Amino acid sequence: MIAKNNVAQILFSLLTFFPSFSSFAQENFRPGYLVGLNGDTVRGFIDYRDQDRNISFKSELESAKTVHYPTTISGFTVADQIYISAIVETEKSGYTKDNLDIEGKFNIQSDTAFLQVLLNGEKSLYYYRNSIGKPSFYLGKAGSFELLLYKQFTRAEGGSYQIFENKMFLGQLHAYLNECPGIESKVKSGKYERKSLEKLFLYYYKCTNTEVEYKKETKKIPGEFGLVGGLSVASLRFKSDRGFNDLTETDFSTSTGFSVGFFFDAVLRGNGNRWSIYNEINMNSYKTSGVYEEYQHENSYSTSNITIGYVYQKLNTLLRYKAPTGNGCFFFNAGITNGLVFLGTNQKETETVFFAQRRTKYTSTPPDVRKYEQGLLFGLGSRVNKFSFEVRYEISNGISTYPTLKSSVDRFFFLIGYKF
């Protein structure tokens, strides 16, 4: 059986090791190119981590990196996204519910930035997240950029604080897109959100029968499908302060079983796509046995051979963090597991000896078994190209349904995955 303190030591090692490989693998270089101030194009690799104020560049993956700012290059392209250098105005009032201003006046400051091109053409739209994390949208105007002004603020009204909006951007949009008849009604319903603004611009292009030179495609939530399987090593434990001695005093054997299933890893946008929600449906099993003896004297004793084993259909949901490493990544994940019993064995074979009499009895222990298992998961692994390897630990609430009998199952998984 896996000792409880050994489990704690292994988990501690995993958690302390993660920061070391995470810091080692923070970089995320992807093919791209820079555009110099003189218009020259330099191809290489750009560290793509949603950075709006500076980027790291390598001419080759093995070469030293150089850092570039909006003042040193005129733009760059990476991961099918275009960024251009600009000196812009940005609005730096608080924008979350906890730090809103109590007035609608704008707090405008100057900033140097890499603006992301959302649409480019006769009418252009740009995006920038400033130094406090506030989203900002810009209009392209004769080589300059006009900030679309929007602000939420709070004010006491009716004995409580209410949230209000300064929607000056709607007037700016109407003036900018006024070549399209009837656009006013569309503008009035516009929101200070990327999807809403892009929809409005596309309506303008269709209305005026002009073509978009470039549009950043809005991708669906990126995800990966694949298969995962391997071995599981499980230990079954019981604890009770009243009765159930046949379970609490039996040293159950460690079980080696199987685990097989498929997964969908839904990537969360932002932060270089490092975070994801990993979902997995799998089937795994354990089977363990032990011997329990009750001895009164040499002519009165009993021996029980206990076998417990179950096959589970499980849904695992984990929050995963990936640290890219060239053609792969390291990852760490933690989450929850929910399982239903698919098949099972629960048998207690007891042979009782009383002087010359021998009797064998077959029962189940515990008599009632929990069919729905819940637990916590922690895992650490790496992926190279399409293959991954992971070591995962699970602690679940086991099979006991009795308040006075606590059960748990510790499982270690050694898994190999393949993404399609």
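Rules behind the numbers
Residues numbered from 1 in each chain as written. Predicted model: local features only at pLDDT ≥ 70, side-chain atom pairs only at ≥ 80, totals over all residues. Heavy atoms only, no water. Pairing = 2+ DSSP bridges. Helix = DSSP H or I, 4+ residues; strand = E, 2+ residues; numbered from the N terminus. Axes fitted to C-alpha atoms, helices over the stretch in contact; angles between N-to-C directions. Parallel < 35°, antiparallel > 145°, perpendicular 65-115°, else oblique. Left-handed = near helix turned anticlockwise from the far one by under 90°. Contact = heavy atoms within 4.5 Å. Nonpolar A, V, L, I, M, F, W, Y, C, P; charged D, E, K, R; others polar. Core = buried A, V, L, I, M, F, W, Y, C linked by side-chain atoms within 4.5 Å. Buried < 20%, exposed > 50% of the residue type's maximum accessible area, 1.4 Å probe, protein only. Phe/Tyr/Trp six-rings, centres within 6.5 Å; stacked < 30°, edge-to-face > 60°.

(A) Structural detail: the pairing of strand β2 (residues 41-47). Alignment of strand β1 (residues 29-36) against β2, held across 7 bridges, turns out to be antiparallel. Bridged to Gly 32 within β2 is Gly 44. Both β2 and strand β3 (residues 55-58) contribute to a ladder of 2 bridges, which runs antiparallel. When the sheet's bridge partners are listed, Phe 45 is paired in β3 with Lys 58.

(B) Fine view of the packing of helix α2 (residues 168-176) against helix α4 (residues 194-208). As a packed pair, α2 and α4 sit with axes 12 Å apart at the nearest point and diverge in direction by 20 degrees. By the angle between their directions, the pair α2 and α4 is classed as roughly parallel. Two packed elements cross with a definite hand, and for α2 against α4 that hand is right-handed. Here α2 contributes Phe 169, Leu 173 and Tyr 176 to the contact with α4, which in turn contributes Leu 197, Leu 200 and Phe 201. Looking at the contact of α2 with α4 residue by residue, the class counts come to 6 nonpolar, no polar and no charged.

(C) Examining the nonpolar core more closely. Leu 115, Leu 125, Phe 137, Leu 148, Phe 169, Leu 173 and Phe 201 are the most contacted members of the largest nonpolar core, which has 34 residues in total. Elements with a minimum of two residues in this core: β6 (81-91), β7 (108-120), β8 (125-129), β9 (135-141), α2, α3 (183-188) and α4. Sequence-distant contacts of Leu 125, defined by excluding residues within four places in its chain, comprise Gln 116, Val 117, Leu 118, Leu 119, Phe 137, Tyr 138, Leu 148, Leu 197, Glu 198 and Phe 201. Ranked by size, the runner-up nonpolar core spans 15 residues in total, among them Leu 236, Tyr 292, Ile 308 and Tyr 310.

(D) Expanded view of the packing of aromatic side chains. Evaluation of the coordinates by the stated rule reveals 24 aromatic pairs. Ring geometry for Tyr 176 against Phe 201: centres 6.1 Å apart, planes inclined by 45 degrees, an arrangement best described as tilted. One end of the pair, Tyr 176, is in helix α2; the other, Phe 201, is in helix α4, with 25 residues separating them in the sequence. Considering the side-chain rings of Phe 225 and Phe 264, the 4.7 Å spacing of their centres and the 35 degrees angle between planes classify their relative orientation as tilted. Of the two residues, Phe 225 is situated in strand β14 (residues 223-239) and Phe 264 in strand β15 (residues 255-267); the sequence distance between them amounts to 39 residues. For Phe 225, a relative accessible area of 51% translates into the label exposed. What makes Phe 264 partly exposed here is its relative accessible area of 28%.

Nothing here speaks to function; it is all geometry.
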